[in-house]
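Breakdown of the fold
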Amino acid sequence: MKKYFAAALSLALALTLTACAVSASNGAPEAGSVPETSASQPDASQTEKDHDHQLTEGDNIVPHEEVGYCGNTVTAIYPESRSTGEDWKASFWGGDSVALTDLLLYLDYQEGICRCLPEYMVETEFSEEPYGISLTEGYARHGDSQVDLTQEQMELIREILDRNLPGSRTD
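The structure presented is a predicted model; accordingly, all values stated were derived computationally and were not measured. (Residues numbered from 1 in each chain as written. Predicted model: local features only at pLDDT ≥ 70, side-chain atom pairs only at ≥ 80, totals over all residues. Heavy atoms only, no water.)

A word on the overall build of the protein. In terms of regular secondary structure, the protein is built from four helices and seven strands. When its helices and strands are written in sequence order, the protein yields α-β-α-β-α-β-β-β-β-β-α. Here the protein, with 171 residues, has 39% of them falling under the buried criterion. At a minimum sequence separation of 6, the contacts of the protein that also span at least 24 residues come to 69%. Approximately 10,200 Å² of the protein is accessible, and the part contributed by carbon and sulfur atoms is 53%. (Helix = DSSP H or I, 4+ residues; strand = E, 2+ residues; numbered from the N terminus. Buried < 20%, exposed > 50% of the residue type's maximum accessible area, 1.4 Å probe, protein only. Contact = heavy atoms within 4.5 Å. Areas by Shrake-Rupley, 256 points an atom, 1.4 Å probe, with all protein chains shown as cover.)

Overall, antiparallel pairing links the seven strands, which are arranged 2-1-4-5-6-7-3 in an open sheet. Looking along the sheet, the strands with just one partner apiece sit at the ends: strand 2 (90-92) and strand 3 (110-111). Pairing of strand 1 (residues 75-79) with strand 4 (residues 120-123) involves four bridges; the strand directions are antiparallel. Opposite Ala76, over in strand 4, you have Glu123 as the bridge partner. Against the sheet, helix 4 (residues 151-164) makes contact with strand 1, strand 2, strand 4 and strand 5 (131-134), and its axis sits at roughly 105 degrees relative to strand 2, the strand it touches most. (Pairing = 2+ DSSP bridges. Axes fitted to C-alpha atoms, helices over the stretch in contact; angles between N-to-C directions.)

What follows is about the confidence of the model for the protein. When pLDDT is averaged across the protein, the result is 75; 64% of the residues are at 70 or more. Throughout residues 4-47 the model reports pLDDT below 50, and contacts reaching past four residues in sequence, or to other chains, amount to 47 contacts. (pLDDT = per-residue confidence, 0-100.)

Residues in a regular strand point their side chains to alternate faces of the sheet. Burial along strand 6 (residues 139-142) is two-sided: Tyr139 and Arg141 facing one way and Ala140 and His142 facing the other are all buried. Both strand 5 and strand 6 contribute to a ladder of four bridges, which runs antiparallel. Counterpart to Ser134 in the pairing with strand 6 is Tyr139. Counting the residues in the hairpin turn of strand 5 and strand 6 gives four residues, including Gly138, whose phi is positive at 80 degrees. Pairing between strand 6 and strand 7 (residues 145-148): four bridges, direction antiparallel. Across the sheet, Tyr139 pairs through a bridge with Asp148, a residue of strand 7. Connecting strand 6 to the next strand, strand 7, in antiparallel fashion are two residues, including Gly143 with a positive phi near 60 degrees.

See the structure below:
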């Protein structure tokens with residue numbers, strides 16, 4: 001009897017998670033619209049001094065239909081160890097996970113990235129490759145593409161990190 005109950009419970013959980021993934025993917029960008037490449041290296045022709053970063057004041061979100069997410073959407077954040085020397089990983093779910101996932105998924109990334117290293121790497125359930133975030137420079141990166149963030153987006157990300165990361169790592 002216990003075996004049948006455990007099997008039924010496992011099946012119910014699997015079906016629930018599958019339904020969440022299917023409903024969350026409705027309205028997501030088509031495959032290929034956001035580069036899914038291996039971790040890329042910045043353009044070697046750039047140096048740290050030949051560019052600067054500025055927060056954007058324009059609309060940097062691609063048009064998309066509203067997407068429904070399950071509250072059990074999990075996001076993981078860890079430092080880009082080459083830039084910080086730190087080694088930790090924090091995972092969280094719920095509203096903060098949904099907000100950060102939705103923001104990163106629909107930013108209008110443009111080809112080309114700078115040599116600056118992001119402070120944080122973010123893994124979501126909707127990308128095979130992590131996103132890079134720099135709160136110091138004000139950008140998000142995915143694959144071979146990058147986008148400058150707005151002040152509001154920076155504040156949202158900082159608030160999410162403040163609530164979900166161990167210690168005070170967002171300064």
